[in-house]
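# Analysis of the macromolecular model
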Amino acid sequence: MIVSFFEKLLDLFERKKSAVIFIFIIVSVLSVFAVLQGSFHNDITTLLPQEQNIKKTLKFLNNSGMSDTVVFSISLRKEQNQEKLLSLTSEFAKDLESIKYLSSVNKGVDGLDYKRISEIVKKNLPVLLTPEEQNKIFKTINSEEKIEQKFRDIFIMLNTPGTSIVQSNFALDPFNWSNIVFKEIGKLTKGFGFQVQVKDGRFINESGKYALILAKTNASLTKGFESKSLMNAVNKVVKQYPNLNVDTISGHRHTVSNEKIIRKDVALTLTIVGICFLILMLLVFRSVEMISVFLLPFWSILVSAAIMTIFLPEVSFFIMGFASVIAGISVDYGIHIFTAYKSQGKLAVKKIIKPVIVASTTTIGVFLSFFFSTVEGYKELAAFSIISIVLCVIMSLAILPNFWSKNKKPINFNFTFYNFFSPKTVIIIWGIFIVLSFYYSTKTNVNTDVESFDGTSEEILKTEERFHDIWGGKGKYAAVVYETKNVQKGWEKYDNITGHLENKLTNFISFASIVGSKKQRKINVEHWKSYWTDSRINNLKEEIGSQSQKYNFKAGVFEDFFKKTIKADQLNGDIEKLTAELGQLKDLFIKNISGNYRFSAYFTDSEVNVGKAKELIKNINGAYVVSPTRLSESISKQVNHEMKKVSIIAFAWVFLISFLFLKRLSLTVLALIPVFTSVLATLSVFNYLGIPVTAVVLIAMVVILGLSIDYGVFVVYSGKTNRQEIIKAATFSYITSISGAGALLFAEHPVMFSIGLTLVSGVTAAYLSAIFCIPAFEKVHNK
Amino acid sequence: MKNFFIAIFILLSSISYAEDAEKILHDIEKHMSTVQSLHADYIQKKNLDMFENPVILTGEIYIDKPDKLVWIVKEPVSYSLLIDKNSIVKKSPNSKKLQRISLESNPILKNAVNQIMMWFNGKYNSYLSKFNLEIDGELIIFFPKKSTQASEVVEKIAIKFSENKKYISSIRIVENGGDSTFIKFKNVSTNIEIDPAVWEQFD
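Computed from a predicted model, the values in this text were never measured in an experiment. Per chain, residue numbering runs from 1 following the sequence as it is written. As a convention, the first chain written is A and the first ligand written is 1, with the rest following in written order. Totals for whole chains, interfaces and linings use all residues, but because this is a predicted model, local features are given only for residues with pLDDT of at least 70 and pairs of side-chain atoms are given and counted only at 80 or more. Water and hydrogen atoms play no part in the side-chain values, which are based on all heavy atoms of the structure.

## With respect to helix α11 (residues 224–239) of chain A
Taking 1.5 Å of rise per residue, 16 residues should cover 22 Å, and α11(A) covers 22 Å from first to last C-alpha, within 8% of that figure. Whether two residues touch is decided by their heavy atoms; if any such pair falls within 4.5 Å, the residues are in contact. Helix and strand assignments follow DSSP, with helices taken as H or I runs no shorter than four residues and strands as E runs no shorter than two, numbered in order from the N terminus. Residues of α11(A) that are buried sit in contact with β2 (69–76), α4 (82–96), β3 (102–106), β6 (211–217), β7 (244–249) and α12 (251–285) of chain A. Here the expected length of a helix is defined as 1.5 Å per residue gap, with one fewer gap than residues.

## With respect to the nonpolar core
Nonpolar side chains tend to gather and get buried jointly when the protein is soluble and globular. If you look at the biggest cluster of nonpolar residues, it comprises 122 residues, and the most contacted ones within it are Met290(A), Val356(A), Phe370(A), Tyr378(A), Leu397(A), Val702(A) and Tyr711(A). Excluding its chain neighbours within four sequence positions, the residues that come into contact with Leu397(A) are Phe6(A), Leu10(A), Ile337(A), Val349(A), Ile353(A), Val356(A) and Ile357(A). Residues belong to one nonpolar core when they are buried, are Ala, Val, Leu, Ile, Met, Phe, Trp, Tyr or Cys, and are joined through side-chain atoms within 4.5 Å. Relative accessibility under 20% of the residue-type maximum defines a buried residue, over 50% an exposed one, and the middle range a partly exposed one, all with a 1.4 Å probe and only protein chains included. Of all hydrophobic cores here, the second largest spans 121 residues; its members include Ile141(A), Ile154(A), Leu81(B) and Ile88(B).

## Some points on the pairing of β7(A)
Residue and element names in this part refer to chain A. In terms of burial, β7 is a largely internal element, five of the six residues being buried. Pairing between strands requires that DSSP locate at least two bridges from one strand to the other. As judged from the six bridges shared by β2 and β7, these two strands associate in the antiparallel manner. Each bridged residue has a counterpart across the sheet, and for Val 71 the counterpart in β7 is Ile 249.

## A closer look at the packing of aromatic side chains
Centre distance within 6.5 Å is the pairing criterion for rings of Phe, Tyr and Trp, where only the six-membered ring of Trp is used; planes under 30 degrees apart are then read as stacked, over 60 as edge-to-face, and the remainder as tilted. For the structure on display, the rule yields 43 aromatic pairs over all chains. Measuring from centroid to centroid gives 6.4 Å for Trp491(A) and Phe511(A), while their planes differ by 55°, and the two rings are tilted. You can see Trp491(A) sitting in helix α20 (residues 487–501) and its partner Phe511(A) sitting in the loop between β10 (509–510) and α21 (518–531), a full 20 residues away along the chain. You'll find Trp491(A) and Phe511(A) in the same group, each marked buried. Pairing Phe120(B) with Phe185(B) gives two aromatic rings, centres 5.9 Å apart and planes at 80°, and the pair type is edge-to-face. Within this pair, whereas Phe120(B) is found in helix α2 (residues 107–121), its partner Phe185(B) is found in strand β11 (residues 180–190), the two being separated by 65 residues in sequence. A cation sits over an aromatic face here: Arg536(A) above Tyr531(A), 3.9 Å from the ring centre. Ring-over charges, as used throughout, are those where CZ of Arg or NZ of Lys falls within 6 Å of the ring centre and within 35 degrees of the ring normal.

## Topic: the environment of Leu244(A)
All names here are of chain A. Its location among the elements puts Leu 244 in strand β7. Leu 244 gets classed as buried once you look at its relative accessible area, which sits at 1%. Filtering out sequence-adjacent residues up to four positions away, Leu 244 remains in contact with Ile 74, Ser 75, Leu 76, Arg 77, Leu 85, Leu 88 and Phe 92.

## Quick word on the packing of helix α30 (residues 723–743) of chain A against helix α31 (residues 750–782) of chain A
All names here are of chain A. For helices, the fitted axis covers only the stretch in contact; all axes are lines through C-alpha atoms, and the angles between them, taken along N-to-C directions, range from 0 to 180 degrees. The N-to-C vectors of α30 and α31 enclose an angle of 165°; their axes lie 8 Å apart at closest approach. Considering the angle they form, α30 stands roughly antiparallel to α31. For the pair α30 and α31, the sense of crossing is left-handed. Counting all contacts with α30, which are made through Arg 723, Ile 727, Ala 730, Thr 731, Tyr 734, Ser 737, Ile 738, Ala 741 and Gly 742, the residues of α31 involved are Gly 756, Leu 759, Val 760, Val 763, Thr 764, Tyr 767, Ile 771, Ile 774, Pro 775 and Glu 778. Gly is put with the polar residues, along with every residue not named as nonpolar or charged; the nonpolar set is Ala, Val, Leu, Ile, Met, Phe, Trp, Tyr, Cys and Pro, and the charged set is Asp, Glu, Lys and Arg. Taken together, the residues of the contact of α30 with α31 break down into 12 nonpolar, five polar and two charged. Each angle is binned into one of four classes, with values under 35 degrees roughly parallel, values over 145 roughly antiparallel, values of 65 to 115 roughly perpendicular, and all other values oblique. When the near helix sits turned anticlockwise from the far one by under a right angle, the crossing is termed left-handed; a clockwise turn instead gives a right-handed crossing.

## Observations concerning unusual backbone geometry
Put simply, Lys65(B) and Pro66(B) share a cis peptide bond, and its omega is 10°. Among the structural elements, Pro66(B) can be located in the loop between β2 (55–64) and β3 (68–75). With a phi angle near 70°, Asn503(A) is a residue other than glycine that sits in the positive phi range. By relative accessible area, which is 75% here, Asn503(A) ends up exposed. The phi dihedral of Lys165(B) falls on the positive side, at around 60°, and the residue is not glycine. The class of Lys165(B) is partly exposed, set by a relative accessible area of 29%.

## Things to note about helix α15 (residues 331–344) of chain A
Residues and elements named next belong to chain A. Helix length check: α15, at 14 residues, gives a terminal C-alpha distance of 20 Å against a target of 20 Å (1.5 Å per residue), a fit within 8%. Burial of α15 is extensive: 12 of the 14 residues sit out of reach of the surface. When α15 is considered as a whole, its buried residues turn out to be Val 331, Asp 332, Tyr 333, Gly 334, Ile 335, His 336, Ile 337, Phe 338, Thr 339, Ala 340, Tyr 341 and Lys 342.

## Quick word on the confidence of the model for chain B
Residues and elements named next belong to chain B. When pLDDT is averaged along chain B, the result is 81, and 88% of the positions lie at 70 or above. Mean pLDDT per element in chain B: helix α1 (residues 2–32) is the minimum at 59, and strand β1 (residues 37–47) is the maximum at 93. Throughout residues 1–17 the model reports pLDDT below 50, and contacts reaching past four residues in sequence, or to other chains, amount to two contacts. Both scores are given for the predicted complex: the pTM is 0.66, the ipTM 0.81. One number per residue, pLDDT, summarises how confident the predictor is, and it ranges from 0 to 100.

## Here's the deal with the packing of α12(A) against helix α19 (residues 458–471) of chain A
Residue and element names in this part refer to chain A. Here α12 crosses α19 at 165°, and the two axes come no closer than 10 Å. With respect to each other, α12 and α19 are oriented roughly antiparallel. Viewed along their axes, α12 and α19 form a crossing whose handedness is left-handed. Each of Arg 253, His 254 and Ser 257 in α12 lies in contact with α19, whose residues at this interface are Glu 459, Ile 460, Leu 461, Thr 463 and Glu 464.

## Some thoughts on the pattern of salt bridges
Residues and elements named next belong to chain A. Within this document, salt bridges are pairs made up of a side-chain nitrogen of Lys or Arg and a carboxyl oxygen of Asp or Glu, the two lying within 4 Å of each other. Here the structure, examined in full by the defined rule, presents 13 salt bridges over all chains. Among the ionic pairs, Lys 350 bridges to Asp 11, the shortest N-O distance being 3.3 Å. In this pair, Lys 350 sits in helix α16 (residues 346–369) while Asp 11 sits in helix α1 (residues 2–15), placing the two residues 339 residues apart along the sequence. The partner of Asp 247 in a salt bridge is Arg 466, with the nearest N and O atoms 2.8 Å apart. You can see Asp 247 sitting in strand β7 and its partner Arg 466 sitting in helix α19, a full 219 residues away along the chain. Residue class for Asp 247 comes out buried when judged on its relative accessible area of 11%.

Shown next as structure tokens:
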């Protein structure tokens, strides 16, 4: 039925050529317009499974503060003068402020005033110290000897050169209880392994030869245009400072670099494909009409992209690129039809409608199987590819032949080479190949690390390496996260989480270790008040009085300690001041993301720590563990699951359509030989070359199922018609496919390269097994 | 026109002053850099608002450049301090237990220790942007410039160098509130081999 529909369509369009041309032009113009107006993003994570844990981890990483931060590590080119470095850094920072994509530029911690913080901390010890910490410090002054020792220490400290500036602190906190809080602040500032020092309120490294600027940007990391504008503006400012060496660290540099490399790779692919087509067109088909076959996939990609931009708010730039490579292979249908047309005209085209429909239906079926996946990106990819293939098939079967002439026939090559080897030899060679491939494919290494998608240039990676050598921060951190709209409730949970995990995980840091929730602060104060009874205060006053005299202190020097520290009653107000003073530090742990408060506590990202953390918080509702290192494992597990599901459905579809078309099980099995061979060949090639199989490779492999069955169907079907003509068309389509995919082997971007390697190995194995093995098996079977 | 010439004169004088100061400080740094280790006796007089009477301390100091210093106090109390870039370690004669204060968690103290190290290493050139100078022979008085962090605490620091400019012979720090510290070094020996036991007592 569908065959006769296309036959009628072919005849109809022959009569309405002008209308067809008119509609073609309108659709093309509208498509160009829609694509130019469309919105694209560059977020590679759309290709990752949307399982809850993965989603949470990716969301956490996206909002971690790194995605909107641009860091500048600055040194002087020639001299080693710190004053000059800091002064030029200030000028540089000022110029950065004029960049519209930078919302703030921070060259130091002007806000982190330790003197002010120290005063607030000392006045608020009852609020900040937990009952456990209070009990610990009270024990240090519970005897005459201990108090005497403390006063001796104060005397020594005040007489140590250069330390008299801390004397006001001694008056408020003679026993240095605030050190507990400062230790926690120190832990938090050093917590992420960065070795940043503050000199005169400015960030410098340990050697003093490097200065640091942290800038916040509103340019989206996943939007190529914004990233490019930001980086161009930054580079312009950098160029104005020839005396400075400026290393820029930013995710946006990755975006720009990836886009640049992908563009370069696509241009290379198109050039090589173009040259191959030109050779085919001029030397084999000797017809300029071949251009229409060549341009058809590009046109269908354009129209598909336009349709996608209409239905989706944002189209993935990456998926579009990937789908374009795949859709480019749909040029095969055009070549088959063109070859048929050039040999016997429209009659031959009508004869080939059926295998083209079957081949395209199986390929579409493979893409349809992606809709059974939970990954949004796979669905987008499938929709894009299906639209492209449908457009290509309709155009090649029903429209283009009406515009071709029968004048020049292609050169009559001898395509009987498939009979060159004896069937037995072919089957033995194939058997050995299958056994070896099976052996290699079982050892395949699957890598689902998100970083494997990153094709950033070597120069950027070296800059980042240099940055970590200077500033540290190489360690990986996992986090326990709790999100809520109610800040107070959230803070209480945060206390609870911190209480459960503190001292149990390596390098655990939490802002709640410094400032607890209002509820916790109340508990702290009540405990403090209950301890400091009048008699205890009087006893301490007496002790301090006698020791003061012994160590030459004036009478009444420690009055403030009793008035402002021991009897502190202006409790919560100052804490807000403290959290404001620690603003930058606090933001790393407690963040307001569009009205949702996210509380995070960090620890070293190891398997043991993550396991422990999960166990310890299992009873805290709503809290979850985020581990960037474990993310890869979760993705791997999910990708395997998704791919298993998609492959089974795709294979079932391929088998069903082939069987319905070929009607015999033996023929269907023969048609599946290229499918089976290509999958094993691809896996073994990756394993043989020591290249890990990524999520992208797995997707490309599922697509290979659809492409391989095309070869199988055409060759098996040709048994009933003209095998030589079909093998000729298959060879031409193989040459075009391999020229495009082969060009990707020279690609710089790892994703483009892996797609190229998958397609080259898969399509080559499918083509060779189709033209050699199917006829060989047929002959053996017929005997 | 007259005012113009006066302005030019003042400008030129200040330029030559800056150049002179830089030259003198550079000269001191050069001489002090020839000293790698030092031992001296000292006497310190401290006037603190917190104290009833001035406190007079006597003792010894050992310096191993660039960042190790042992401060031994003999009178009126006896103790020793090892000061380096990471910590202050205290040792009391009657106790085997060492008390260690990490400078990482105490930025104010760290800043103070950095200052001490800078004095003894002679790296005063970096002071030029933060201090105004008065130079009188071997005596240099540093006055913190307005709005600098130092100006919040210190009124002036007067450092007197030895004749050969290889070490500090005395230092006086006057703070804004009137507190002051005066340290005088005597019996100074430079580039000596310091007995390892001086450092090992803090291990």
